[in-house]
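Survey of secondary and tertiary structure
Each chain, letter by letter, is given below.
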Amino acid sequence: MELIQQLVNGISLGSIYALIALGYTMVYGIVRLINFAHGDVFMIGSFVGFYAVTMLGVGFFPALLLAMAVCAVLGMTIERIAYKPLRNATRIAVLITAIGVSLLIEYVMIYLRGAQPEAYPGTLLPKQNLELFGVVISSQSLFILGTSLVLMILLQFIVHRTKIGKAMRAVSHDAEAARLMGINVDNTISATFAIGSALAGAAGVIFGIYYTKIDPLMGILPGLKAFVAAVLGGIGIIPGAMVGGLLLGVIESLVSGLGYSLWRDGVAFIILILILIFRPAGLFGKNVREKV
Amino acid sequence: MGGETSEKEKVAGVFFSLMLTAGLMAGCGGNEQSSGSTGGSGGGGGDVIKIGANLELSGGVASYGQSIAEGVELAFDEINKEGINGKKLKLVKVDNKSEAAEATNGAIKLISQDKVVAIVGSATSTNTLAQVQIANDNKVPVITPSGTNPTITTKDGKVNDFIFRTCFIDPFQGTVAAKFALDDLKVKSAAILIDSASDYSKGLAASFKETFTAGGGKIVAEEAYVAKDTDFRATLTNIKAANPEFLFLPGYYEEVGLIVKQARELGLNVPIMGGDGWDSPKLIEIAGKDALNNTYITNHYSSGDPDPKIQEFVKAFEAKYNKAPDAFNALGYDTAYFLADAIKRAGSADPVKIKDALAQTKDLQLVTGIFTINENHDPIKSAVILEYKDGQQQFKTKVNP
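Definitions and cut-offs
- Residues numbered from 1 in each chain as written.
- Chains lettered and ligands numbered in written order.
- Predicted model: local features only at pLDDT ≥ 70, side-chain atom pairs only at ≥ 80, totals over all residues.
- Heavy atoms only, no water.
- UniProt positions renumbered as here; feature names shortened; annotations may be inferred.
- Helix = DSSP H or I, 4+ residues; strand = E, 2+ residues; numbered from the N terminus.
- Core = buried A, V, L, I, M, F, W, Y, C linked by side-chain atoms within 4.5 Å.
- Buried < 20%, exposed > 50% of the residue type's maximum accessible area, 1.4 Å probe, protein only.
- Pairing = 2+ DSSP bridges.
- Contact = heavy atoms within 4.5 Å.
- Axes fitted to C-alpha atoms, helices over the stretch in contact; angles between N-to-C directions.
- Phe/Tyr/Trp six-rings, centres within 6.5 Å; stacked < 30°, edge-to-face > 60°.
- Expected span 1.5 Å × (residues − 1).
- Buried area = accessible area lost by both parts, 1.4 Å probe.
- Salt bridge = Lys/Arg side-chain N within 4 Å of Asp/Glu carboxyl O.
- Polar contact = N/O pair within 3.5 Å; in protein donor to acceptor, adjacent residues only side chain to side chain.
- Nonpolar A, V, L, I, M, F, W, Y, C, P; charged D, E, K, R; others polar.

Per an unreviewed UniProt entry, chain A carries the name Branched-chain amino acid ABC transporter (Permease) and comes from Geobacillus thermodenitrificans. Taken directly from UniProt, the Sequence similarities (unreviewed entry) text for chain A runs: "Belongs to the binding-protein-dependent transport system permease family. LivHM subfamily." Recorded in UniProt for chain A, the comment headed Subcellular location (unreviewed entry) runs: "Cell membrane".

Bringing the UniProt feature "transmembrane region" (unreviewed entry) in chain A into the picture now. Residues and elements named next belong to chain A. According to UniProt, the positions carrying the feature "transmembrane region" (unreviewed entry) are residues 7-30, 50-78, 90-112, 132-159, 189-211, 226-250 and 262-282. Secondary structure content for residues 50-78 is 90% helix and 0% strand, while the C-alpha to C-alpha distance between its ends is 22 Å. Strand forms 0% of residues 226-250 and helix 84%; the C-alpha atoms that close the span are 13 Å apart.

This paragraph deals with the nonpolar core. Grouped together as the largest cluster of nonpolar side chains are 93 residues, with contacts concentrated most on Leu22, Tyr24, Ile34, Phe36, Tyr83, Leu155 and Phe227 of chain A. In terms of residue count, helix H8 (residues 185-211) of chain A provides more of this core than any other element does, 16 residues in total. Residues Ile68, Phe164, Ala349 and Val367 of chain B belong to the second largest nonpolar core, which totals 45 residues.

For the rest of this paragraph, the subject is the sheet that holds strand S12 (residues 272-274) of chain B. Residue and element names in this part refer to chain B. A sheet is described by the order of its strands in space; here seven strands give the open sequence S10-S9-S11-S12-S13-S17-S18, paired in mixed fashion. Of all strands in the sheet, those bounded by a partner on one side alone are strand S10 (218-225) and strand S18 (392-399). Pairing of strand S9 (residues 189-195) with S10, which is carried by seven bridges, proceeds in the parallel orientation. Bridge pairing in S10 links isoleucine 194 to alanine 224. The strands that helix H8 (residues 253-265) touches are S9, S10, S12 and strand S13 (295-299); relative to S12, the one it contacts most, it runs at about 170°.

So, about the packing of aromatic side chains. Residues and elements named next belong to chain A. On inspection of all chains with the given rule, the structure shows 29 aromatic pairs over all chains. Between tyrosine 24 and phenylalanine 36 the ring centres are 6.4 Å apart and the planes differ by 75°, which places this aromatic pair in the edge-to-face class. Of the two residues, tyrosine 24 is situated in helix H1 (residues 2-31) and phenylalanine 36 in the loop between H1 and helix H2 (38-56); the sequence distance between them amounts to twelve residues. Phenylalanine 36 shares its class with tyrosine 24; the two are buried.

The next point concerns H8 of chain B. Residue and element names in this part refer to chain B. The end-to-end C-alpha distance of H8 is 18 Å, a good match for the 18 Å that 13 residues give at a rise of 1.5 Å each. With twelve of its 13 residues buried, H8 lies for the most part within the structure. When we look at burial in H8, the residues that qualify are Glu254, Glu255, Val256, Gly257, Leu258, Ile259, Val260, Lys261, Gln262, Ala263, Arg264 and Glu265. Looking at the residues trailing H8, positive phi occurs at glycine 267, about 85°.

Below, the discussion takes up H1 of chain A. The end-to-end C-alpha distance of H1 of chain A, which contains 30 residues, comes to 43 Å, matching closely the 44 Å that a straight helix rising 1.5 Å per residue would cover. Of the residues trailing H1 of chain A, arginine 32 of chain A is marked for its positive phi of about 55°.

Residue-level contacts link 48 residues of chain A with 37 residues of chain B. Interface area for chain A against chain B, summed over the two sides, is near 3700 Å², with a carbon-plus-sulfur share of 62%. When residues of chain A are sorted by the area they lose upon contact with chain B, Tyr211, Lys213 and Leu262 of chain A head the list and together hold 16% of the total. With a closest N to O distance of 3.2 Å, arginine 264 of chain A and aspartate 229 of chain B form a salt bridge. Between the two partners, chain A and chain B, sit 14 residue pairs in polar contact (both at pLDDT 80 or more). Elements that contribute at least two residues to the side of chain A that touches chain B include exactly H1, helix H4 (91-113), strand S1 (118-119), H8, helix H9 (220-233), helix H10 (238-257) and helix H11 (264-278) of chain A. Of the residues that constitute the side of chain A that touches chain B, the class distribution is 28 nonpolar, twelve polar and eight charged.

Have a look at this one:
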C-alpha cells in the first residue's frame, strides 16, 4: 500500500515537472537554447493566478487562463528583448543572457512585493479525499493530473495538427530551409515561446493550489528539476518531456519513501549526470552523429 | 550542453546557499532576541540610572527590536513611578540596524560615551554574540531578551560572566514538548521530522527524544527535510506507515505550514507539535485552519494566559500602545523588571554589583514565568503550550521545568 501511495505522490509531483519541462524542451527544440528564465515564468504564472484569485475573486479556470495569457506575453517579450538580438551569437552568450533574465525576473519581483511567501486560498478546488485500499488520493491531485493531461494532449494537437505546429516542426528541423520555404521563422519562434510559457504559467497556478506556498524564488528548483526531466526524456522531444517529468517525480518520491529524503534533490541531479554521460540524447532520443 | 548545465548549476548553487543563509538568519531572528543592559561607572551618578538598549530598530528583523523597545519602555514608565532606591531609570537606545558589526559599535558607544550601567542587548543571538567581548572587557552586564542560542551565555563550558538572558534556551522547548506529549496527551510512540540544516530544529529534536524515551515513550520514525522544500508527501507517507501516535515537528513556519497541510491530506491525523518557530500569522494561511486543529506549540508566553500578572500586563500594554502584546513585547518588559530587581537588590548602580545581583535572581515573578537564574546565566522558568483551534492560538497549559 505504501508503495502505491508513493507512486500516487510521485505522479502528482511529476505532472507539474512535466508541464514545465514541456516549455524547456519546445524552446530547445526550436532555437537550441536552454531557457533558464523558464522557471521564473512559472513563478510569475503562479503569482498572476494568486492575484487573480485573491484580488479579482475569480475561480480556478479564469485564473488559469489569465496566468497562461500573461505568461505567453511575457515569454514572447523575453524572447524579443533578450534572445532575438543574440540569435547569431555564440550559444554560451545566449545561455548567460538567460541566466541574467532569470535573476532579473526574480529580483524585480522581490523589489516589487518583497520576498515573503504568499499562501494560495485553499478553497479554490473542492477538497475531498478518496480512499482506495488505504491509499489516499486527494481530489485536488486528480484534478491537477487531469488538467496537466488535457494541456499535454492540446499541445500534441497543436504541434501535429495545425499550421503553426507544422511550421514549428519545420523550423526545428532546419531553420534556414524553413525560411527559404516561406515560413516566418521569427513568428514561429515567438509562438513557441508563447506556448511554452503559457504551459509554465499553468504549472505555476497548479503548483500554487497543490503546495499552497509561493514566493519569488520558488521557480529555481522546479525549473532545474524540469530541466533534468527534459534531458531525461530527450531534450527537444515533446513526449520525452512528459515521460521524463513523470518518471522524475516518481523516482523522487520513491527515494524519499526509502528513507533517503535528504538525498532526493541529489538523486535528481545524479540522474542528469548519468544521462549526459551514458545516453546524452535521453530516453526517447536517437543518437545522431553530428555532421562536421 | 554539459558545460552549460554546470554553469547554471554553479550559479544556482551559490544562489541556494544565499537563500539558505538568508532563511536561516531570518529563522534565527525569529527565535532569538537578545537584550543587554549597559552600565558604566558614570551612569549611576545623579538621580538617574542610565540603561542602554542595543536593539534592531531598523533592518531585517526590525519588528523584533521595536517590539522589545515597546516592552522595555512600558516597564520603565511603571518602575519610574516609584523609582529604584530613590533614582529613576533612563533608557538610551541605539539602533544596530540588525547587523552584528553595528551591534558591537553600539555597545562600545553605550559604554564609553553614554556610561550606561547595563545594556538591554539585541533581539537576535548573532547580534548579542557581537557584544559579548565588549561586555566582559568593560565589566558591564548585557541581558538579551530573546537570544535563545545556548552559546551566548556559556562558551566551551565557561560562563560569560556579564551576559544574561530573559528567554529560555532552545533545548528546553523540546523537553517541555516531550513532557506534554507523555503526561497530557498520553501518547506512547512519536515520530520526529526535523529541518536538517537548522541547529534550532536539531536542538529541539535531540532534547525531545531524550526526555521522551526517558519517560517510557518510543520514537518510531525519524525523518528530515531541507529548508525551502515544498513536497513532503513521500516522507510523510513513510511516517504514516510507522504508525506514530504523535509527530514532533520543530521547524520554521514556512515549511511547517506545508508539512501540516500535507500530513492532514495524507490522513496523518495525529497531534503535531512544534516550538516558537511556528509562531507567525503566515502559518495559518499556509496550512489552513482546519489542518492546524490538533496541533500544539511551546512558546514564551500567551496573552490568553489567565494568570492575573499577565492580564495586568496585557491591559497596561493595550492602554499604552493600543494593540495586544506579542512574545517579544513580553520579553522586553520582563528584561526591564529583571534588571530593575537586580539594581534594587544590589543597592547601587555599580555594574559589577548589578551583575552579581542578576546572577542571584531567584523566584522573581515575571510575565513570562517565575524566574530563577541558573549557574549558566540562563533562566529556569515555565513555558506555555498553545493549541491551534480554528486558526486561533489558545492557551492550553503552562509547563514548569
